[in-house]
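What the coordinates show
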Amino acid sequence: MKKFKKIFAVLLTLAMVLGMSMTSFAAELTAKITVNNAGDNAKFKYLQVIKADPTTETGWAFATEQIANNYKTVFTNKTDQQILKEMINGTASASDIASALKNVKDANYSLSTETGSPISVNAAGVYYIEGSEANYNYNPMAAYVSFSEYNTATGIPTSLADTSVEAKRQTSKVEKSSNSTNAVTEIGRTVTYTVESVVPYIPATDTNPKYIVKDTIQGADYVTVAEGDNAGKVAVTLVIGDINTTIYATVENDNSFTVDLSSYLENNIHANKDVVLTYQAVVTDVKVGNTVIVGDGSNDGESKYGSDTDNSYTGYITLTKYASDDNNDELSDNAKLAGAGFKVSKTVDGKTSYATFINNKLTGWVSEEKDGTEVTTGEDGTLKVEGLASGTYTFKEVTAPTGYHINETPTVVELTVSGTVKDVFSATGNMIDSTLSSLPSTGGIGTTIFTIGGCAIMIIAAALFFASRRKAAK
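Thresholds applied
- Residues numbered from 1 in each chain as written.
- Predicted model: local features only at pLDDT ≥ 70, side-chain atom pairs only at ≥ 80, totals over all residues.
- Heavy atoms only, no water.
- Helix = DSSP H or I, 4+ residues; strand = E, 2+ residues; numbered from the N terminus.
- Buried < 20%, exposed > 50% of the residue type's maximum accessible area, 1.4 Å probe, protein only.
- Contact = heavy atoms within 4.5 Å.
- Areas by Shrake-Rupley, 256 points an atom, 1.4 Å probe, with all protein chains shown as cover.
- Expected span 1.5 Å × (residues − 1).
- Pairing = 2+ DSSP bridges.
- Axes fitted to C-alpha atoms, helices over the stretch in contact; angles between N-to-C directions.
- Phe/Tyr/Trp six-rings, centres within 6.5 Å; stacked < 30°, edge-to-face > 60°.
- Lys NZ or Arg CZ within 6 Å of the ring centre and 35° of its normal.
- pLDDT = per-residue confidence, 0-100.
- Left-handed = near helix turned anticlockwise from the far one by under 90°.
- Nonpolar A, V, L, I, M, F, W, Y, C, P; charged D, E, K, R; others polar.
- Polar contact = N/O pair within 3.5 Å; in protein donor to acceptor, adjacent residues only side chain to side chain.

Now for the overall build of the protein. Within the protein, the secondary structure is distributed over 5 helices and 30 strands. For the protein, the proportion of its 474 residues judged to be buried stands at 36%. Across the protein, the fraction of contacts at a sequence separation of at least 24, relative to all contacts at a separation of at least 6, is 67%. Of the roughly 26700 Å² that the protein leaves accessible, carbon and sulfur atoms contribute 50%.

A separate point is helix H4 (residues 94-106). Given a rise of 1.5 Å per residue, 13 residues ought to cover 18 Å, and the 18 Å separating the end C-alpha atoms of H4 matches this to within 8%. In the stretch just after H4, Asn108 is the one whose phi turns positive, near 55°.

Moving on, we come to unusual backbone geometry. Residue Pro118 is reached from Ser117 by a cis peptide bond, and omega for that bond is 5°. Checked against the element boundaries, Pro118 lands in the loop between H4 and strand S4 (119-121). Its identity is not glycine, yet Asn272 carries a phi of approximately 70°, on the positive side. Looking at where Asn272 falls in the secondary structure, it is placed in the loop between strand S18 (256-260) and strand S19 (274-283). Even without a glycine there, the phi angle at Asn360 is positive, about 65°.

For the rest of this paragraph, the subject is the sheet that holds strand S14 (residues 212-218). Here 4 strands make up an open sheet; going across it, the order is S18-S14-S20-S21 and the pairing antiparallel. Strands at the two margins of the open sheet, each flanked by one partner only, are S18 and strand S21 (306-313). Averaged over all pairs of adjacent strands, the angle between strand axes in this sheet comes to 10°, irrespective of strand direction. For strand S20 (residues 287-295) and S21, the ladder comprises 8 bridges, and the chain directions are antiparallel. What sits directly across from Val288, in S21, is Ser312.

For the rest of this paragraph, the subject is the side chain of Asn139. Mapped onto the elements, Asn139 comes out in the loop between strand S6 (136-138) and strand S7 (141-145). Relative accessible area serves as the criterion here: at 11%, Asn139 is assigned to the buried category. In contact with Asn139, other than residues within four places in its own chain, are Lys168, Gln170, Tyr201 and Pro203.

Another aspect to go through is the packing of aromatic side chains. Applying the stated criterion across every chain yields a total of 12 aromatic pairs. Between Tyr193 and Tyr279 the ring centres are 5.9 Å apart and the planes differ by 20°, which places this aromatic pair in the stacked class. Placement of the pair is Tyr193 in strand S13 (residues 190-198) and Tyr279 in strand S19, with a sequence separation of 86 residues. With a centroid separation of 5.1 Å and 85° between ring planes, the pair formed by Phe257 and Tyr279 is classed as edge-to-face. Residue Phe257 is located in strand S18, and its partner Tyr279 is located in strand S19; the two are separated by 22 residues in the primary sequence. Among the aromatic residues, ring-to-ring pairing joins Trp60, Tyr144, Phe147 and Tyr150 into one connected group. A cation sits over an aromatic face here: Lys384 above Tyr316, 4.2 Å from the ring centre.

Bringing the sheet that holds strand S1 (residues 31-36) into the picture now. Here we have 3 strands laid out as an open sheet, ordered S4-S1-S10, and mixed in their pairing. The open sheet has two edge strands with one neighbour each: S4 and strand S10 (163-166). Mean inter-strand twist for the sheet, computed between neighbouring axes without regard to direction, equals 25°. In this sheet, S4 lies alongside S1 in antiparallel orientation, the contact comprising 3 bridges. What sits directly across from Ile33, in S4, is Ile119.

Three or more residues of helix H3 (residues 80-89) are buried, namely Gln81, Ile83, Leu84 and Glu86. Looking at the packing, one finds that the buried side of H3 touches strand S2 (43-52), strand S3 (60-62) and helix H2 (65-72). The first or second residue beyond H3 is Gly90, which carries a positive phi of 80°.

Going residue by residue along strand S30 (residues 425-433), you find Phe425, Ala427, Gly429, Met431 and Asp433 tucked away on one face and Ser426, Thr428, Asn430 and Ile432 left uncovered on the opposite face. Pairing analysis gives 9 bridges linking strand S22 (residues 315-323) to S30, with the strands arranged parallel. Bridging across to S30, Tyr322 finds its partner in Ile432.

So, on to the confidence of the model for the protein. Confidence along the protein averages 86 in pLDDT terms, with 84% of residues attaining 70 or more. Between residues 1-27, whose pLDDT stays under 50, and residues either more than four places distant or in other chains, the model counts 12 contacts. Across residues 438-446, where pLDDT falls below 50, the model places 1 contact with residues more than four positions away in sequence or in other chains.

A word on the packing of H2 against H3. Packed helices, taken two at a time, are described by the angle their axes make and the gap between the axes. Running from N to C, H2 and H3 cross one another at 65°; their axes reach a closest spacing of 10 Å. Considering only the axes of H2 and H3, their crossing is left-handed. Between H2, through Ala68, Tyr71 and Lys72, and H3, the contact on the second element is made entirely by Asp80, Ile83 and Met87. Grouping the amino acids of the contact of H2 with H3 by side-chain chemistry returns 4 nonpolar, no polar and 2 charged.

Quick look at the environment of Ile269 now. In this fold, Ile269 is placed in the loop between S18 and S19. Note on Ile269: relative accessible area 54%, which makes it exposed. Ile269 sits 68 residues away from Tyr201 along the chain, and the two C-alpha atoms are 9.0 Å apart.

This paragraph deals with the pairing of strand S8 (residues 147-150). The side chains of a regular strand alternate between both faces of the sheet. As judged from the 3 bridges shared by S8 and strand S9 (residues 157-160), these two strands associate in the antiparallel manner. When the bridges of S9 are listed, Glu149 appears paired with Ser159.

Considering the arrangement of structural elements, one finds Lys321 in strand S22. A polar side-chain atom of Lys321 sits 2.6 Å from a polar atom in the side chain of Glu397.

Below you can see the structure in the form of structure tokens.
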């Protein structure tokens with residue numbers, strides 16, 4: 001009996017040693033988790049949620065108490081081991097397991113360093129996996145890594161089994177564009193904007209899902225409905241598959257509007273279908289920035305489905321007015337003239353239009369020169385007009401600086417771009433005025449002879465007068 005007790009004590013001690021050392025032995029092992037249906041550029045992060053633990057009833061345990069609570073929120077009124085038993089026996093529902101994984105995801109744990117597939121791990125257990133890839137969203141995944149072989153003498157695991165998991169991914173695309181060629185626009189121009197996205201697939205475990213599009217613009221004003229029930233709202237055309245409708249959105253104080261497309265998520269009827277939104281805005285400044293963010297409406301998920309920005313720019317022309325001198329080919333040496341007034345025009349398809357400005361920023365175009373705005377060179381002799389598109393512009397002088405002639409030959413300036421612009425672009429031009437001079441001699445005889453002739457007539461008349469008086473006296 002004593003011998004049996006000694007043997008039992010030894011076995012018990014060995015079992016305790018093996019139990020305590022199993023994790024450390026297993027930690028030296030490796031296994032690969034292959035993510036099937038993943039894109040070539042997909043990246044993954046993981047977190048172990050269930051680990052091997054020979055001291056428990058099932059031989060498994062949740063990795064941390066916090067993770068255990070993520071599962072208990074779904075598997076209510078059950079202990080850790082009861083939950084694990086249900087998962088091992090296959091009696092736990094797939095929706096409950098998915099809901100528990102979503103709780104893990106929402107807890108924002110610190111995950112592993114990002115890696116590609118396959119994922120290398122060094123311990124048996126269950127791993128939570130998050131995927132990311134440009135233009136795609138991945139649903140949370142769970143992979144089970146088991147022991148594959150054991151030492152027959154000690155019972156200690158000697159290897160892990162490779163495994164795989166099927167990725168559930170959906171297209172996630174948000175692209176913003178406009179009809180501004182080469183990103184060039186003009187103040188006063190009406191621009192059509194397009195937002196392209198994809199309706200996401202929503203897992204059954206997601207309750208009350210949202211799909212919110214928020215658009216914000218700077219340097220332009222949305223075109224709104226003029227009258228009726230939707231007066232003051234932006235008319236947004238929505239196309240999803242065969243659906244073509246108009247949504248009216250309210251413009252907020254930050255010059256933005258929001259469109260709620262959550263109803264199109266119901267039952268995943270429209271999942272993975274293209275979404276196209278179009279609307280218009282009028283350019284009001286030299287730069288326009290238009291940003292769209294598509295998310296679930298929460299702060300954390302504000303851009304869950306993606307975002308994009310479309311920028312467009314205008315150009316400006318600087319004209320310098322010079323005084324003529326003996327070195328007209330060296331304009332930098334000439335005096336620069338303030339007070340020269342100009343009308344700016346452009347001709348498109350044979351039709352000439354004249355620019356209107358406020359503070360030298362373009363406001364529009366008119367058909368009559370008299371209705372165009374006269375813009376004037378400043379004290380430094382320069383004139384800068386802004387908000388222009390690329391093209392050919394004519395500067396006609398209509399007011400000359402004091403003491404100078406109007407230059408009858410307009411200055412023509414080409415405002416050009418090369419490819420897609422990334423910022424405001426510019427061009428320069430110049431004009432020379434000549435000074436006023438005294439009236440030139442015409443080559444006539446002048447007034448001297450008339451003065452001499454007048455004096456002679458006066459003298460002769462006086463002589464005749466006195467001669468006639470002498471005769472009368474005799």
